[in-house]
Amino acid sequence: MQWVAHGLIEEKKGMDVEVTANQCIDDLINRCMTEETEEGDVKLHDTLHDLASYIGRKEYSHASPTEHTSHLSLLDVDDAETSMHNVSLVANKLRTLFCAFLPSEQFTNIKWLRVLSLEECEMDELPNSIECVSLLKYLNLSYSDVKRLPSSIDRLWNLQTLDLSYSKIEEVPEEIGKLCNLRYLGLEEDRRGCNIKVLKDLNNLTGKFSIEGLGAARKEVNLGEAQLLKEKHLLTGLKFDFEEQHDDKVADASEQSCILEALEPPHCLKNLKIRHYKGEMPSWYLKTDYTKLRILKLENCPLSEKLISITSLEKLELNKCPAVCEIASMPSLKSLKIGSCDGLNTIGHDMPALESLEVDGCGRLEQVADDHMPALKMLNLTNLKAVKQLPTHLPSLEVLTVQDLPNWEGWPAIGSRETTISMPRLREAGLENCPKMQTQGLLYALSEQEHDYEPRLQELRVWDCPSARLGWKLLKQLPNLTDLRLDREALESTLPSPLPSEVSTFLPSLEHLTLTDANVDKLKWGRVPEWVWGLSQLDSLGLQGFTEEISLGGHWQCLQELVRLELYDFPNLKSLVDINNTTSLQNDAVATTSPTDAKEQLACLLNLEDLVVSCCPAVDLPQELRDSLEDRLHIETERA
């Protein structure tokens with residue numbers, strides 16, 4: 001904005017100067033002349049900063065200006081009185097001033113100023129003499145103590161940027177509406193702001209604009225003077241927030257409808273969000289003139305019933321809109337997120353560009369997608385009671401998350417239905433609390449039928465799905481699996497487990513394994529399965545609920561690559577390493593543990609980057625292990 005204020009950005013036909021300025025910044029970053037900080041700021045590299053300081057040393061000064069100074073910073077200067085005197089000496093030449101305090105009489109001296117930053121200043125209000133700086137284009141009062149702006153602010157005809165964000169401003173005067181060149185108005189936090197009618201003549205406002213506090217009762221908006229936003233053709237984003245403040249008298253649905261009807265956005269809008277709106281959707285909402293709209297978000301709008309097809313829309317979010325019963329087809333939509341829309345029955349049948357679909361808590365929804373979503377890559381379904389089946393063909397799906405679907409039948413055995421779900425590109429699957437989910441047809445679903453390609457699945461998580469049957473016959477066919485997280489119910493209990501020497505050949509890529517034992521006696525492992533210790537390539541291992549395990553000694557030398565170990569809910573576990581020359585009573589595969597073996601086991605545990613031991617009340621860890629791991633050891637008496 002400061003570059004624009006100084007006229008350093010060339011205006012291009014059909015393009016906002018702010019867009020051109022951002023392109024310049026991106027170009028400097030790409031050329032490695034500047035870099036972006038973690039806070040989102042942009043700074044010069046040290047060498048270039050020194051070079052720029054050398055070249056501009058005459059015009060740019062800190063604390064001590066010279067006769068050539070045009071740009072002055074008085075930040076972090078101790079002697080304020082001397083600093084203000086220095087300002088007076090070069091006032092007629094100053095174009096930029098950064099300071100934390102400025103006496104009212106100084107405003108009459110700096111009439112040629114273009115940029116003034118009073119960020120974090122301790123002044124309660126700006127003086128009326130601010131009108132003397134009529135050439136000012138940029139005024140920054142962010143994070144300041146300023147509570148009021150003078151009515152003379154309307155004399156700053158050239159002002160393009162007024163930043164009041166995170167200041168203590170209590171109310172913006174109506175005169176702000178006369179700043180016809182204002183392009184950016186920054187207002188944040190819980191402030192009274194200004195009457196929305198002052199926006200009427202601010203037609204040069206650009207970028208995103210948020211209007212909050214619309215839920216408070218007020219005099220009816222005169223629809224004859226309703227063109228508050230429609231002519232602001234440089235706006236790209238609007239947010240209408242009707243959430244009531246604690247001390248507000250709440251507007252009824254009819255009054256809110258009148259307000260939103262009066263706030264018809266410009267047709268150039270790209271981003272629209274409406275929150276906590278209780279009224280009927282306005283007439284402009286159903287118009288098809290918004291051909292540039294890319295993002296639409298509706299949150300807590302109980303009377304919103306219908307979504308028309310917006311051909312340009314790329315992202316749609318609906319949350320707590322119980323009256324919405326159908327989502328129309330949208331050919332350009334890439335991302336759709338729906339939450340707590342209890343009236344929703346169906347989702348549009350033609351969304352060829354859709355890549356991400358998230359649906360949570362829509363109790364009536366029976367079908368979440370169909371075969372006309374060929375581009376869908378991410379599908380996340382949570383708490384959907386009526387859904388029984390997924391689409392039969394998802395050729396591009398890469399990530400599938402399904403949680404709390406009590407009637408979903410999953411992947412039945414081939415031949416039990418006319419069609420079988422196909423998702424050959426699936427890389428990650430998370431399945432939780434789906435009691436009817438079957439997996440007999442999962443391998444077929446993961447296979448690419450037209451080509452003899454092996455399944456691409458890399459991550460598989462299955463919890464609380466008692467109908468699942470993930471036998472070793474299936475797991476053998478998943479050579480790319482790197483992350484496997486299962487409970488006992490998910491593994492087929494009638495099939496024999498592989499020998500430890502075989503399991504690495506079945507799962508050659510596996511690096512992360514998490515196992516949870518069952519609570520039902522007939523399904524329980526009781527002790528950690530022997531095949532676990534055959535996965536010598538494991539990077540991390542998580543074990544939970546093995547109630548019969550007394551000692552895990554004798555195994556750690558088998559897991560030389562292990563860097564993270566998590567143990568939860570082992571009520572009878574006493575040791576991780578058999579330090580003494582004791583006989584294992586619980587494991588025939590390890591008859592004895594010699595002192596040499598114990599040292600080797602301990603050495604493996606000492607290489608861990610993280611060891612978590614939770615709810616294992618009887619375990620006694622070797623002192624050498626405690627001393628060596630220090631902050632890498634985490635002992636918890638209760639689960640976090």
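Colleague: Could you give an account of the overall build of the protein chain, with specific residues and numbers?
Modeller: Along the backbone of the protein chain there are ten helices and 29 strands. Every one of the 640 residues in the protein chain was classed for burial, and the buried ones make up 46%. Considering only intrachain contacts with a sequence separation of at least 6, the fraction spanning at least 24 residues in the protein chain is 44%. Approximately 32,000 Å² of the protein chain is accessible, and the part contributed by carbon and sulfur atoms is 45%.

Colleague: Which residues make up the sheet that holds strand β16 (residues 326-327), and what values do they have?
Modeller: Overall, parallel pairing links the three strands, which are arranged β14-β16-β18 in an open sheet. If you trace the sheet from one side to the other, it starts and ends with β14 (306-307) and β18 (346-347), each paired once. Across two bridges, β16 lies against β18 in parallel orientation. Note that in β18 the partner of Ile327 across the bridge is Ile347.

Colleague: Give me the pairing of strand β21 (residues 399-403): which residues, what numbers.
Modeller: For a regular strand, side-chain orientation follows a simple rule: the groups alternate between the two sheet faces. Among the five residues of β21, four are classified as buried, and the element is accordingly described as predominantly covered. Here strand β20 (residues 378-382) pairs with β21 via five bridges, running parallel. Each bridged residue has a counterpart across the sheet, and for Asn380 the counterpart in β21 is Thr401. Pairing between β21 and strand β22 (residues 428-432): five bridges, direction parallel. What sits directly across from Val402, in β22, is Leu431.

Colleague: Tell me what's going on with the sheet that holds strand β9 (residues 184-186), and back it up with residues and numbers.
Modeller: Strand order in the open sheet made by the seven strands is β3-β4-β5-β6-β7-β8-β9, with parallel pairing throughout. Edge positions in the open sheet fall to β3 (60-62) and β9, since each of these has one partner strand only. The mean inter-strand angle of the sheet, taken between neighbouring strand axes irrespective of direction, is 5°. Summarising the sheet, strand β7 (residues 138-140) and strand β8 (residues 161-163) pair through three bridges and their orientation is parallel. Bridge pairing in β8 places Asn140 opposite Asp163.

Colleague: So what's going on with the pattern of salt bridges? Residues and values would help.
Modeller: Evaluation of the coordinates by the stated rule reveals 18 salt bridges. Between Asp517 and Lys524 there is a salt bridge, with the nearest N and O atoms lying 3.8 Å from each other. Among the ionic contacts, a cluster of salt bridges with common partners joins Glu131, Asp154, Arg155 and Lys178.

Colleague: Just give me the short version of the packing of aromatic side chains, but keep the residues and values in it.
Modeller: Enumeration according to the criterion identifies nine aromatic pairs in this entry. Geometrically, the ring pair formed by Phe242 and Tyr277 is tilted, given 4.9 Å between the ring centres and 55° between the ring planes. With Phe242 in the loop between β11 (235-241) and α5 (253-262) and Tyr277 in the loop between β12 (271-275) and β13 (295-299), this pair connects stretches of sequence that are 35 residues apart. Measuring from ring centre to ring centre gives 4.9 Å for Trp472 and Trp531, while their planes differ by 80°; the resulting arrangement is edge-to-face. Separated by 59 residues along the polypeptide, Trp472 in helix α7 (residues 472-475) and Trp531 in the loop between β25 (512-516) and β26 (540-544) bring together distant segments of the chain.

Colleague: Tell me about the nonpolar core, and please be specific about residues and values.
Modeller: Here is a general trend for soluble globular proteins: nonpolar side chains tend to be buried in one another's company. Counting residues in each nonpolar core, the largest one holds 165 residues, and the members touching the most others are Leu97, Phe240, Ile327, Leu541 and Trp556. The dominant element in this core, judged by the number of residues it contributes, is helix α9 (residues 595-606), at four residues.

Colleague: An account of the side chain of Asp154 is requested, with residue identities and associated values reported.
Modeller: Its location among the elements puts Asp154 in the loop between β7 and β8. Overall, the relative accessible area of 13% leaves Asp154 in the buried class. Setting aside its immediate chain neighbours within four residues, Asp154 contacts Glu175, Lys178 and Leu179.

Colleague: Tell me about a nonpolar patch on the surface, residues and numbers included.
Modeller: Together, Leu51, Tyr54 and Ile55 give the surface a local cluster of nonpolar side chains, amounting to about 360 Å² of exposed area. Along the chain, Tyr54 turns up in helix α3 (residues 46-55). A relative accessible area of 54% means that Tyr54 is categorised as exposed.

What counts as what
- Residues numbered from 1 in each chain as written.
- Predicted model: local features only at pLDDT ≥ 70, side-chain atom pairs only at ≥ 80, totals over all residues.
- Heavy atoms only, no water.
- Helix = DSSP H or I, 4+ residues; strand = E, 2+ residues; numbered from the N terminus.
- Buried < 20%, exposed > 50% of the residue type's maximum accessible area, 1.4 Å probe, protein only.
- Contact = heavy atoms within 4.5 Å.
- Areas by Shrake-Rupley, 256 points an atom, 1.4 Å probe, with all protein chains shown as cover.
- Pairing = 2+ DSSP bridges.
- Axes fitted to C-alpha atoms, helices over the stretch in contact; angles between N-to-C directions.
- Salt bridge = Lys/Arg side-chain N within 4 Å of Asp/Glu carboxyl O.
- Phe/Tyr/Trp six-rings, centres within 6.5 Å; stacked < 30°, edge-to-face > 60°.
- Core = buried A, V, L, I, M, F, W, Y, C linked by side-chain atoms within 4.5 Å.
- Patch = residues over 30% accessible without salt bridge, like charges linked within 9 Å, V, L, I, M, F, W, Y side chains within 5 Å.

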